[in-house]
Amino acid sequence: MAKVTKAQRTVGVGVEALWRGMAKDIVSVMPKIMPDIVQSVEVIEGDGGLGSVLLFKLGRDPKSKRQQTEKIVELDESQYRFALQVLEGPGLTLRDFSSLTTTFQLSAISEKETLVDMKVEYNTEKEETNMGEIAMQPVLSFVQLLEKLVSES
């Protein structure tokens, strides 16, 4: 049975700009906000929309073979809702997850403020009490770094 952890954060950028960076421009945004972790992102299946599969090449070294694939499992522009499921890679193996899906729900608070609801659903055999925190930490970092990039643009 899947476990769920949730978090919420208010960011100081407008919903449209945040949505564009998160859902529409993720291929170009990820290497900018996490250059030490994500070398590049490419769409390897689909057109970048719902059902598309993304290949994340990891690490700074261009010769690195570390990579992760993720699938866009939800993309609703009218609701500002976006979800990615990790198919394979360190996001699963480093933390012993057998499945991991992250959902973002954006809601405009004002012209320059957005509420971000984050939900991570995961399966693991590990019985550590902090697995929810471990699953959520990269998601919180992503939102923080994305906010910084968008606010500086």
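In this report, the structure presented in the accompanying data block is examined.

Cut-offs and rules
- Residues numbered from 1 in each chain as written.
- Predicted model: local features only at pLDDT ≥ 70, side-chain atom pairs only at ≥ 80, totals over all residues.
- Heavy atoms only, no water.
- Helix = DSSP H or I, 4+ residues; strand = E, 2+ residues; numbered from the N terminus.
- Rg over C-alpha atoms; globule rule 2.2 N^0.38 Å.
- Buried < 20%, exposed > 50% of the residue type's maximum accessible area, 1.4 Å probe, protein only.
- Contact = heavy atoms within 4.5 Å.
- Lys, Arg positive; Asp, Glu negative; His and termini not counted.
- Charge placed at Lys NZ, Arg CZ, Asp CG, Glu CD.
- Pairing = 2+ DSSP bridges.
- Polar contact = N/O pair within 3.5 Å; in protein donor to acceptor, adjacent residues only side chain to side chain.
- 1 Å grid on protein atoms, 1.4 Å probe; cavity = no way out; pocket = protein on both sides within 12 Å on 5 of 7 lines; lining within 4 Å.
- Points joined across faces, edges and corners; volume = space filled by probe spheres on them.
- Salt bridge = Lys/Arg side-chain N within 4 Å of Asp/Glu carboxyl O.
- Phe/Tyr/Trp six-rings, centres within 6.5 Å; stacked < 30°, edge-to-face > 60°.

## Quick notes on the overall build of the chain
Argument step 1. When helices and strands are tallied, the chain shows 4 helices and 7 strands.
Argument step 2. In terms of C-alpha radius of gyration, the chain reaches 15 Å, essentially the compact-globule figure of 15 Å for 153 residues.
Argument step 3. On the principal axes, the C-alpha backbone points of the chain span a range of 40 × 35 × 25 Å.
Argument step 4. Taking all 153 residues of the chain together, the buried fraction comes to 42%.
Argument step 5. Of the contacts formed within the chain by residues at least 6 apart in sequence, a portion of 49% connects residues at least 24 apart.
Argument step 6. Mean positive and mean negative side-chain charge positions of the chain (18 and 23 charges, respectively) differ by 4 Å.

## A look at the pairing of strand 3 (residues 53–58)
Two faces, one strand: in a regular strand the side chains alternate between the faces of the sheet.
Argument step 1. Judged by how many residues are buried, strand 3 sits mostly within the fold: 5 of 6 residues are covered.
Argument step 2. Bridge analysis of strand 2 (residues 38–45) against strand 3 gives 6 bridges, and the strand direction is antiparallel. Counted as the bridge partner of V43 is L54 from strand 3.
Argument step 3. Bridge count between strand 3 and strand 4 (residues 67–76): 5 bridges; the pairing is antiparallel. When the bridges of strand 4 are listed, L55 appears paired with T69.

## Let's talk about the side chain of Q105
Argument step 1. Its place among the elements puts Q105 in strand 6 (residues 97–110).
Argument step 2. For Q105, a relative accessible area of 17% gives the class buried.
Argument step 3. Here the side chain of Q105 touches R81 through a polar contact of 3.2 Å, side chain to side chain.
Argument step 4. Excluding anything up to four places from it in sequence, Q105 contacts Q79, Y80, R81, L115, V116 and D117.

## Quick word on the side chain of T124
Argument step 1. Mapped onto the elements of the fold, T124 is located in strand 7 (residues 113–124).
Argument step 2. Assessed through its relative accessible area of 7%, T124 is described here as buried.
Argument step 3. Looking at T124, its side chain comes within polar contact range of the main-chain oxygen of D96, at 2.7 Å.

## Observations concerning unusual backbone geometry
Argument step 1. Backbone geometry at Y80 places phi at a positive 55°, although glycine is not the residue there.
Argument step 2. Along the polypeptide, Y80 turns up in the loop between strand 4 and strand 5 (81–88).

## So, the layout of surface pockets
Argument step 1. Put simply, the largest pocket is a space of about 660 Å³.
Argument step 2. Forming the walls of the largest pocket are 30 residues, and the residues nearest its centre are M30, M34, Q68, E70 and P138.
Argument step 3. Mapped onto the lining of the largest pocket, the elements with two or more residues apiece are helix 2 (26–33), strand 3, strand 4, strand 5, helix 3 (90–93), strand 6 and helix 4 (131–152).

## Some words on the pattern of salt bridges
Argument step 1. Here the structure, examined in full by the defined rule, presents 6 salt bridges.
Argument step 2. Its salt-bridge partner being K24, residue E77 comes within 2.8 Å of it at the nearest N-O pair. Placement of the pair is E77 in the loop between strand 4 and strand 5 and K24 in helix 1 (residues 15–24), with a sequence separation of 53 residues.
Argument step 3. Residue E77 is classed as partly exposed on the basis of its relative accessible area, which comes to 42%.

## A look at the packing of aromatic side chains
Argument step 1. Within the structure shown, the criterion is met by 4 aromatic pairs.
Argument step 2. When the centroid spacing of 5.7 Å and the interplanar angle of 75° are considered together, the rings of W19 and Y80 count as edge-to-face. With W19 in helix 1 and Y80 in the loop between strand 4 and strand 5, the pair connects residues that are 61 residues apart, well separated along the chain. Each member of the pair, W19 as well as Y80, carries the same accessibility label: buried.
Argument step 3. Ring-pair connections join several aromatic residues into one group, and the members of that group are W19, Y80 and F82.

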